[in-house]
Amino acid sequence: MTFDDRLTTLDTLWSVWAKHGQAMIDEQWALPTRLGTWDVRSLYVHTASWPAIFPSLVDAESDAEPTHATAAAVLRTFNAPDGAANRFRGWNADRAREDAARYSTAQMIEQFAGAGPAAVAAARRRGPVTVDYFGQAVLRLDEVVSIGILEATVHLLDLQHALGLPQDVPAGALAHTAALLAEMAPPIDFIEAATGRTTAGVFPLLT
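All figures in this text were calculated on a predicted structure; none of them were measured in a lab.

Novice: Please explain the nonpolar core as it appears in this structure.
Specialist: Soluble globular proteins: nonpolar side chains tend toward being buried together. Counting 53 residues, the largest nonpolar core has Phe54, Tyr133 and Val144 as the members making the most contacts within it. With 11 residues, helix α8 (residues 141–163) is the largest single contributor of residues to this core.

Novice: Just to check I follow, could you spell out the pairing of strand β2 (residues 137–140) for this structure?
Specialist: Two faces make up the sheet, and in a regular strand the side chains alternate between them. Sheet topology places strand β1 (residues 130–133) next to β2; 4 bridges connect them, and they run antiparallel. Bridge assignment links Asp132 to a residue of β2, and that residue is Val138. Linking β1 to β2, which pair antiparallel, is a turn of 3 residues; within it Phe134 sits at a positive phi near 60°.

Novice: Can you help me understand the confidence of the model for the protein chain in this one?
Specialist: Interpreting fine coordinate detail is not advised for predicted regions of low pLDDT. Mean pLDDT over the protein chain stands at 91; residues scoring 70 or higher make up 90%. When mean pLDDT is compared element by element in the protein chain, helix α1 (residues 3–23) scores highest at 98, while helix α5 (residues 84–87) scores lowest at 61.

Novice: What is the right way to read the packing of aromatic side chains from this model?
Specialist: Two descriptors summarise a pair of aromatic rings, namely the distance from one centre to the other and the angle between the planes of the rings. All told, the structure shown has 8 aromatic pairs when counted by the stated rule. Ring geometry for Trp29 and Tyr44: centres 4.9 Å apart, planes at 70°, overall edge-to-face. With a gap of 15 residues between them, Trp29 in helix α2 (residues 26–29) and Tyr44 in helix α3 (residues 40–58) connect regions that are remote in the sequence. Overall, the relative accessible area of 5% leaves Trp29 in the buried class. Assessed through its relative accessible area of 0%, Tyr44 is described here as buried.

Novice: When you look at unusual backbone geometry in this model, what are you seeing that I'm missing?
Specialist: Most peptide bonds take the trans configuration, and most residues that are not glycine carry a negative phi. Not every positive phi belongs to a glycine, and Phe134 is a case in point at roughly 60°. Position of Phe134 among the secondary structure elements: in the loop between β1 and β2.

Novice: Please clarify how the packing of α1 against helix α7 (residues 105–126) should be interpreted in this entry.
Specialist: Angle between the axes and distance between the axes are the two parameters that describe a pair of packed helices. Packing of α1 against α7 leaves a shortest axis separation of 8 Å and a crossing angle of 170°. Viewed along their axes, α1 and α7 adopt a mutual orientation that is roughly antiparallel. Contact residues: α1 offers Phe3, Asp4, Leu7, Thr8, Asp11, Trp14, Trp17, Ala18, Gly21 and Gln22, while α7 offers Ile109, Phe112, Ala113, Gly116, Pro117, Val120, Ala123 and Arg124. For the contact of α1 with α7, a count of residues per class yields 11 nonpolar, 4 polar and 3 charged.

Novice: Sorry, what's going on with the packing of α3 against α8 here?
Specialist: Look at α3 against α8: their axes get within 10 Å of each other, and the N-to-C directions meet at 165°. On the basis of their axis angle, the class for α3 and α8 is roughly antiparallel. The crossing of α3 and α8 is left-handed. The residues of α8 that touch α3, namely those facing Val40, Leu43, His46, Thr47, Trp50, Phe54 and Leu57, are Leu141, Val144, Val145, Ile147, Gly148, Glu151, Ala152, His155, Asp158, Leu159, Ala162 and Leu163.

Novice: Would you explain the environment of Thr70 in this entry?
Specialist: By the secondary structure assignment, Thr70 is in the loop between α3 and α4 (71–78). Note: C-alpha distance between Thr70 and Arg140 (70 residues apart in sequence) is 7.9 Å. Aside from chain neighbours lying at most four places away, what touches Thr70 is Leu139, Glu143 and Glu183.

Novice: For this particular structure, what's the right way to read the pattern of salt bridges?
Specialist: Any two side chains of opposite charge can pair, given that their charged atoms come close. This structure, assessed with the given rule, holds 9 salt bridges. Close ionic contact of Glu143 with Arg6 constitutes a salt bridge, the shortest N to O distance being 3.2 Å. Residue Glu143 is found in helix α8, and its partner Arg6 is found in helix α1; the two are separated by 137 residues along the sequence. Salt bridges here are not isolated pairs; linked through shared partners, they connect Arg6, Arg140, Asp142 and Glu143.

Rules used throughout
- Residues numbered from 1 in each chain as written.
- Predicted model: local features only at pLDDT ≥ 70, side-chain atom pairs only at ≥ 80, totals over all residues.
- Heavy atoms only, no water.
- Core = buried A, V, L, I, M, F, W, Y, C linked by side-chain atoms within 4.5 Å.
- Buried < 20%, exposed > 50% of the residue type's maximum accessible area, 1.4 Å probe, protein only.
- Helix = DSSP H or I, 4+ residues; strand = E, 2+ residues; numbered from the N terminus.
- Pairing = 2+ DSSP bridges.
- pLDDT = per-residue confidence, 0-100.
- Phe/Tyr/Trp six-rings, centres within 6.5 Å; stacked < 30°, edge-to-face > 60°.
- Axes fitted to C-alpha atoms, helices over the stretch in contact; angles between N-to-C directions.
- Parallel < 35°, antiparallel > 145°, perpendicular 65-115°, else oblique.
- Contact = heavy atoms within 4.5 Å.
- Nonpolar A, V, L, I, M, F, W, Y, C, P; charged D, E, K, R; others polar.
- Left-handed = near helix turned anticlockwise from the far one by under 90°.
- Salt bridge = Lys/Arg side-chain N within 4 Å of Asp/Glu carboxyl O.

Right, dumping it as structure tokens:
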């Protein structure tokens, strides 16, 4: 995908999230999810943090050389046994529950309906510059967008599962996420696991 294609895909995903939020009734926000103790509200506010923080990433242009060439490289680092995804798992879970109680439904939906699209437009103007990724990496903005696509896609499947809805995700988002996950895996292990030739523990790639 080109940079513009990735931004279009991310914008489309966030529009789907906004529509789900606008359609849900009170009882649905309290439904359990397959993500431990998170209910739908916690899942929604966690995913809404991406459009909320994306403007700061767009503005975080850096003169430094990228520390990672691709989104897959960053995600491999983050999801290593001692990586940030594992070290901050409990903190992220607690933060989502706290934010679910702190923010109104309208505020959460607005991240997808307003803040996100505005940041996508700003990113189009900025171009695929190199940015500081939360102080954890230096990465091109197009690769940052790929991580956003993966987050919105994986959690959209979680949301639709919790709501008992058919899995209906934009095709471009599914293809991009599947390709990114495949890129994260060691190639031989992935091929052999995918073709049933090994039971080695390739999965999960994300924690």
